[in-house]
Amino acid sequence: MNTSSIDFSSSTNLSSDNLSQSNSSSSNPTGYSDYYNNFDMNALLTEIFGENLDDRLNAYMACCGRHVRDGRGDNLALVHEDTAGNITRMTFAELDKASAQVANILLSYGVKVGEQVATMLPRTPELLTIVLATWRIGAVYQPLFTAFGYDSIKYRMDKANTKVVFTNQENRGKFDDLAKQTKMVLVGSKVDAQSWGDDNYAQMMATPPQTVDAVLLDEDAPFLQMFTSGTVGKSKGVSVPLSALSAFYLYMRYAIDLRADDNYWNMADPGWAYGLYYAITGPLLMGVTTYFNELGFDAANTRDFMVRHKITNLASSPTAFRMMKSSGVFESAHDDANAKLSLRCANSAGETLNTEVVNWVETYLNCKVCDQYGQTETGMTCCEHHALAHECPVGSMGMALPGHTLVVLDDDMNILPDGEQGQLAVVVSQSPAFYFRGYSWNEKDAFADDYYLTGDVVERHSDGSYWFSGRDDDIIITAGYRVGPTDVENTVLEHEAVAESAAVGVPDEVRGHKIKSYVVLKDGIEGTDEIAKEIQDLVRRRLSTHAYPREVEFVDALPKTPSGKIQRFLLRSLSEA
């Protein structure tokens, strides 16, 4: 197993500086079992924050302020490449100064501790600055994915009572009448801002900078407001508390194996949990540079970016790896001496990697890829760990992340023996790093006694590894995105010709699954390609470009239970037949 090698003989006494040094050169990996069985939360907090434990009570301090205070302000925090290939670099000191300016803007708007500030922006320096500014004043950052349509935006803003939204000209039109209920700031030209009646980001940043002290909070106070898809009703709110920082660190340090000298690129969009948790919060928490590529996915650009920036540590999704593989780009450039990759390790999350893709990564990216599992609610909880030595067969989800106790339950909440399928659960009382305590607005009870129920069906093997079998509900995972069928179905129903609809995921070679809508039309209306396209366009516009049905099938009726619930499993079996 190609793992990193690190001496942890004095890990409980490491300061942040010592950690960075030990993390840059290593020889022998610590054993997973030793670290897992001897896990100590207090020792972990000391490993992260040294003697300044209060730094964990404000996410800006944890991810930026303490690095500047402790003499690491000149270290690079961000390398950003825009769509034209222009590169911007920001040090922690520059990020500190810029975030103070934005923090003052937010304070001038009357934003208070615990209130929500959102962005709908691509991966830019402005996005990162706004995130840190929000945390600095004790407010809560709320991501809005750039592919969202009006309905998805409105729902999230209404639930969170969002106070300020930063967006750009490309996305400003999606807010329509929503601007009446919140303060809008346009990241773009002064002329464009004036045309909308918005404040202009650049104009406001031209004011003299001022110092803004970080507001220390309780470790249970939220610093991120996420939403996660469900099969019944709208997306559920997930308020991420400051105590999650230590769990994020565990994943970055021991699964990702992020080192001080890494050029780290997490390809995930920060509009979603994996990107926000582990492309922004995680690397900055460790004081390591994060890389942003503003261009959308393209295999040739992806490889060029890795070569150009000498990326050593990559985090991505099975969909992206499959698209890299199918493009042929990496094979054709494999022997090009002028385009050598520098990857030391790769990480994958979102779906299970198959053996073919794992072998391809090892051959053409020339590194080991580790499969890792998590949820918006919990962060990553089950991983192949680059920095902890353990055997882990290809195709498994890995082992429990240290600080987490996992079990497999039957329908009666009994723990199942190895080799039997059941629902994956976290034993809360035995998981000191576990931070999720329930949905923001109590939309669902995800707990049974001492267990957090993931809703995922798995099997545990005798070696301690877990193997994913599927969801126990109807969540669709497409290209790494979790999509609730209800959101799709309700949007399809907005079409004037539609009487009923059901959405399921069907196998797709590139995306893992694609969304398929079964549609019952109103009496007297015949299904046509034109209506199908109208339905697709409607969902793209109203919901999201990643959540529209790539396939529409017109049917006379939908299969239902006696109580009238749609039997999506029957529709899935029809599609797979």
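Note that this is a predicted model, so its numbers are computed, not measured.

*Asks:* Please explain the nonpolar core as it appears in this structure.
*Replies:* Nonpolar side chains in soluble globular proteins generally cluster together in the buried interior. By size, the foremost hydrophobic cluster in this structure holds 103 residues, and its most contacted members are Trp135, Phe166, Phe223, Val240 and Tyr277. The element best represented in this core is helix α11 (residues 244-256), accounting for 11 residues. If we ignore the near neighbours within four places in the chain, the residues touching Tyr277 are Leu224, Met226, Val240, Phe248, Gly282, Gln375, Thr376, Gly379 and Tyr435. Judged by nonpolar contacts, the second largest core, of 22 residues, contains Trp265, Ala320, Val358 and Trp360.

*Asks:* What is the right way to look at the pattern of salt bridges in this model?
*Replies:* Pairs may arise between side chains of opposite charge once their charged atoms sit close together. Using the criterion set out here, one finds 25 salt bridges in the structure. Residues Arg69 and Asp70 are paired through a salt bridge, measuring 2.9 Å at the closest nitrogen-oxygen approach. For Arg69, a relative accessible area of 40% corresponds to the partly exposed category. For Asp70, a relative accessible area of 33% gives the class partly exposed. Here Asp257 makes a salt bridge to Arg259, at a shortest N to O gap of 3.1 Å. Where salt bridges share partners, they join Asp55, Arg69, Asp70 and Arg72 into one cluster.

*Asks:* Looking at this model, I keep getting lost on the side chain of Thr134. Mind explaining?
*Replies:* Topologically, Thr134 is positioned in helix α6 (residues 125-136). Every residue in contact with Thr134, bar those within four places of it in the chain, is listed here: Leu106, Val117, Ala139, Val140 and Tyr141.

*Asks:* Is there a simple way to think about the side chain of His386 in this case?
*Replies:* Along the chain, His386 turns up in the loop between β16 (379-383) and β17 (388-389). A relative accessible area of 2% places His386 in the buried class. Polar side-chain contacts of His386 include one of 2.8 Å to the backbone oxygen of Ala346. Polar contacts involving the side chain of His386 include one to the side chain of Asn347, which spans 3.3 Å.

*Asks:* Help me out: how do you make sense of the environment of His513 in this one?
*Replies:* Its location among the elements puts His513 in strand β27 (residues 512-521). Sequence separation of His513 and Gly480 is 33 residues, and the distance between their C-alpha atoms is 9.1 Å. His513 has contacts with Ile477, Thr478, Ala479, Gly505, Val506, Pro507 and Asp508, leaving out every residue within four places of it along the chain.

*Asks:* I'm lost on unusual backbone geometry in this one. Help?
*Replies:* With the exception of glycine, the majority of residues adopt a negative phi angle, and the majority of peptide bonds are in the trans configuration. The backbone phi angle of Asp449 is positive, close to 55°, even though this residue is not glycine. In this structure, Asp449 sits in the loop between β21 (447-448) and β22 (451-460). Located in the positive-phi region is Ala479, a residue other than glycine, with phi close to 55°. On the secondary structure map, Ala479 appears in the loop between β24 (476-478) and β25 (481-483).

Cut-offs used in this document
- Residues numbered from 1 in each chain as written.
- Predicted model: local features only at pLDDT ≥ 70, side-chain atom pairs only at ≥ 80, totals over all residues.
- Heavy atoms only, no water.
- Core = buried A, V, L, I, M, F, W, Y, C linked by side-chain atoms within 4.5 Å.
- Buried < 20%, exposed > 50% of the residue type's maximum accessible area, 1.4 Å probe, protein only.
- Helix = DSSP H or I, 4+ residues; strand = E, 2+ residues; numbered from the N terminus.
- Contact = heavy atoms within 4.5 Å.
- Salt bridge = Lys/Arg side-chain N within 4 Å of Asp/Glu carboxyl O.
- Polar contact = N/O pair within 3.5 Å; in protein donor to acceptor, adjacent residues only side chain to side chain.

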